[in-house]
Amino acid sequence: MPLANAEAQAVFEAGVAFALHLWTALSLAVDQEWGGPDSADKRDWMAGVVVDMFETGKDIEPDDIADQLDQIMQDEFDVSLEDDSSYQVAVTCVKLHKDCGAGDFTFASTLKKQFLEKRPSAAKRMLQEGDEEDSSDEEGETVDQEGDTSMGDEEPAAKPEPVIDEDGFELVQKPRKGRR
């Protein structure tokens, strides 16, 4: 059932978004773009689907949400979950809705704190998107092979100058492997 208080509704919606961002299976699917280049938009849409389920006016069980999450993961990201992670996310959403309905935002604050600690680059983008709709990735931000983000304080490797022969053509250089 929908929340009566606008503040509680906003906190609930943000909490659902935090829960989905913290969901490892979905984060991996989005980071690896298993749902295509608009995978992040699909995650946001997924949060809206979950929130809308609570606005039907009837009591929502975690199984209902888990089934919906499993179906979306299969349809949109081609991921067949064999663990209980969707159910755990569903339980989180039900608890979040119950707490927000009672005016208790402690659990939502805990989710936000976990989100800010575990996914700082995503948190920064999400908070910026809340401030301005047309935000894009930060300049100088790079992601290494482990998925960690650095802010580009170090200088990028200098690109070697092209070698031009006497006829004015650029010579093709072999890339240097393993040397720095």
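All residue numbers refer to positions counted from 1 along the written sequence of the respective chain. Where totals are concerned, whole chains, interfaces and linings use all residues; where local detail is concerned, this predicted model gives features only for residues with pLDDT of at least 70, and gives and counts side-chain atom pairs only at 80 or more. For the side-chain quantities, the full set of heavy atoms in the structure was used; hydrogens and water were omitted.

(A) Fine view of unusual backbone geometry. For E33, which is not glycine, the phi torsion reads 55° and is therefore positive. A run of H or I in DSSP counts as a helix once it spans at least four residues, and a run of E counts as a strand once it spans at least two, with each numbered from the N terminus. Relative to the elements of secondary structure, E33 occurs in the loop between α2 (24–31) and α3 (39–54). A positive phi is found at D78, a non-glycine position, where the angle reads about 55°. Mapped onto the elements of the fold, D78 is located in the loop between α4 (62–77) and α5 (85–101). Note on exposure labels: buried denotes an accessible area under 20% of the residue type's maximum, exposed denotes more than 50%, and partly exposed covers the range between, all computed with a 1.4 Å probe on protein chains only. Note on D78: relative accessible area 63%, which makes it exposed.

(B) The nonpolar core, seen in detail. Remark: nonpolar core denotes a set of buried residues (Ala, Val, Leu, Ile, Met, Phe, Trp, Tyr, Cys) joined through side-chain atoms within 4.5 Å. With 36 residues, the main nonpolar core has V16, L20, W23, M46, I65 and M73 as its most contacted residues. The set of elements that each furnish at least two residues to this core consists of α1 (6–22), α2, α3, α4, α5 and α6 (106–118).

(C) Summary view of the pattern of salt bridges. What makes a salt bridge here is a side-chain nitrogen of Lys or Arg within 4 Å of a carboxyl oxygen of Asp or Glu, nothing more. Counted under the stated rule, the structure contains two salt bridges. The partner of E76 in a salt bridge is K42, and the shortest N-O contact between them spans 3.4 Å. One end of the pair, E76, is in helix α4; the other, K42, is in helix α3, with 34 residues separating them in the sequence. Ionic pairing is found between D99 and K95, a salt bridge with its closest N-O pair at 2.9 Å. Here D99 pairs with K95, and both are found in helix α5, just four residues apart, close to one helical turn. The buried category is assigned to D99, whose relative accessible area is 12%. Judged by relative accessible area, K95 falls into the partly exposed class, the value being 39%.

(D) Up close: the packing of aromatic side chains. Classification of ring pairs uses Phe, Tyr and Trp, with its six-membered ring standing for Trp, and accepts pairs whose centres are within 6.5 Å; under 30 degrees between planes counts as stacked, over 60 as edge-to-face, and the remaining range as tilted. The full count for this structure, using the stated rule, is two aromatic pairs. Ring centres of F12 and F54 lie 5.1 Å apart, and the angle between their planes is 85°; on these two criteria the pair is classed as edge-to-face. With F12 in helix α1 and F54 in helix α3, this pair connects stretches of sequence that are 42 residues apart. Relative accessible area serves as the criterion here: at 3%, F54 is assigned to the buried category. A centroid spacing of 5.1 Å and a plane angle of 35° characterise the contact between F18 and F115, whose relative ring orientation is tilted. Linking F18 in helix α1 with F115 in helix α6, this pair joins segments that are 97 residues apart in sequence. We classify F115 as buried; its relative accessible area is 1%. Think of it as a cone above the ring: NZ of Lys or CZ of Arg counts as a charge over the ring if it is within 6 Å of the ring centre and within 35 degrees of the ring normal. Above the face of the F107 ring, K95 is positioned so that its terminal group lies 4.9 Å from the ring centre.

(E) Summary view of the environment of V163. The topology assignment puts V163 in strand β3 (residues 163–164). Here V163 falls in the partly exposed class, since its relative accessible area comes to 34%. In the structure, V163 is positioned ten residues away from Q173 in sequence and 8.1 Å away in space, judged by C-alpha atoms. A contact between two residues is defined here by any heavy atoms of the two lying within 4.5 Å. Beyond its immediate stretch of four places on either side in the chain, V163 contacts F169, E170, L171 and Q173.

(F) The arrangement of the packing of α1 against α5 in detail. Every axis corresponds to a line fitted to the C-alpha atoms, with the helix fit spanning only the stretch in contact, and the corresponding angles, defined between N-to-C directions, vary from 0 to 180 degrees. Following both chains from N to C, one finds α1 and α5 inclined at 165°, their axes separated by 9 Å at the closest point. Judged on the interaxial angle alone, α5 and α1 are roughly antiparallel. Read as a crossing pair, α1 and α5 show a hand that is right-handed. Contacts from A8, V11, F12, G15, V16, A19 and L20 in α1 reach V89, T92, C93, L96, H97 and C100 in α5. Residue polarity is assigned by list, with Asp, Glu, Lys and Arg as charged and Ala, Val, Leu, Ile, Met, Phe, Trp, Tyr, Cys and Pro as nonpolar; anything else, Gly included, falls into the polar class. Looking at the contact of α1 with α5 residue by residue, the classes come out as ten nonpolar, three polar and no charged. Here roughly perpendicular refers to angles of 65 to 115 degrees, roughly parallel to angles under 35, roughly antiparallel to angles over 145, and oblique to all remaining angles. Helix crossings are classified by the rotation of the near helix relative to the far one: an anticlockwise turn of less than a right angle makes the crossing left-handed, while a clockwise turn makes it right-handed.

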